[in-house]
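Chain by chain, the residues run as shown.
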Amino acid sequence: FMKYSSFPMFKSIEEADALVARDATQRATRGRLRLGIERLDNGALIGYCDLFNIDRDCKKGEIGYGLLANECGFGFMNEALSAFLNWVFNELPLNRVMAEMDPANTNSEKIVKRLGFTKEGIFRENCIVNGVVSDSVFYGLLKRDRPLRSTFRK
């Protein structure tokens, strides 16, 4: 999933450990929440869901997510993001969530559309992905547009 990421891949385990430490600090201050996605059958970490740029005054935030390529196509991200959004809208509570993506990332676009997000605009040449200037597509989801859904497999 790093193909469309605007941040570089880790070069060492120390870089990964530093991210985990930063996330723990931001989680403690309620500035960010990044959760791992784990397979139920074997406990393997296969991806993540992330809530960041949280603005409690305006009741909004941004989500990010990623899944290992060999785990795509089984509904894991749909299940994880659906549960994550239920929590975001009902426990924080936020009113608006935004997702930004590279327009070439059609799998990401399919996921947010499936979850009820609305395409809100394109920022031209908004970021650099793997050294290439890229546009960003923005999708938004309002709490009122997303009824509480049951998301967990039996």
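Since the structure is predicted, the reported quantities are computational estimates derived from the model, not experimental observations.

## Remarks on the side chain of Asp102
Relative to the assigned elements, Asp102 resides in the loop between strand E4 (96-101) and helix H3 (106-114). Within polar-contact distance, the side chain of Asp102 engages the backbone nitrogen of Ala104 at 2.7 Å. A distance of 2.8 Å separates the side chain of Asp102 from the side chain of Ser134, its partner in a polar contact.

## Some points on the sheet that holds strand E3 (residues 60-67)
Strands in a sheet are paired, the pairing made by backbone hydrogen bonds, and the direction either parallel or antiparallel. Strand order in this open sheet of six strands is E1-E2-E3-E4-E6-E5, and the pairing throughout is mixed. Here the strands that pair on one side only, and so sit at the sheet edges, are strand E1 (33-38) and strand E5 (118-129). For this sheet, the mean angle separating the axes of adjacent strands, direction not counted, is 25 degrees. Looking at chain direction, E4 and strand E6 (residues 132-142) are connected through six bridges and run antiparallel. Paired with Ala99 across the strands is Tyr139, a residue of E6. The strands touched by H3 are E3, E4 and E6; relative to E4, the strand with the most contacts, the crossing angle is about 165 degrees.

## Section: the pattern of salt bridges
In a structure, side chains of opposite charge can pair up when their charged atoms sit close to one another. Going through the model one piece at a time under the given rule, you end up with four salt bridges. One salt bridge in this structure joins Asp50 and Arg34, with 3.5 Å as the shortest N-O distance. In this pair, Asp50 is assigned in strand E2 (residues 45-55) and Arg34 in strand E1, connecting sequence segments 16 residues apart. Its relative accessible area of 2% is what places Asp50 among the buried residues. Here Arg34 falls in the buried class, since its relative accessible area comes to 18%. Residues Asp41 and Arg39 are paired through a salt bridge, measuring 2.7 Å at the closest nitrogen-oxygen approach. Residue class for Asp41 comes out exposed when judged on its relative accessible area of 57%.

What counts as what
Residues numbered from 1 in each chain as written. Predicted model: local features only at pLDDT ≥ 70, side-chain atom pairs only at ≥ 80, totals over all residues. Heavy atoms only, no water. Helix = DSSP H or I, 4+ residues; strand = E, 2+ residues; numbered from the N terminus. Polar contact = N/O pair within 3.5 Å; in protein donor to acceptor, adjacent residues only side chain to side chain. Pairing = 2+ DSSP bridges. Axes fitted to C-alpha atoms, helices over the stretch in contact; angles between N-to-C directions. Contact = heavy atoms within 4.5 Å. Salt bridge = Lys/Arg side-chain N within 4 Å of Asp/Glu carboxyl O. Buried < 20%, exposed > 50% of the residue type's maximum accessible area, 1.4 Å probe, protein only.

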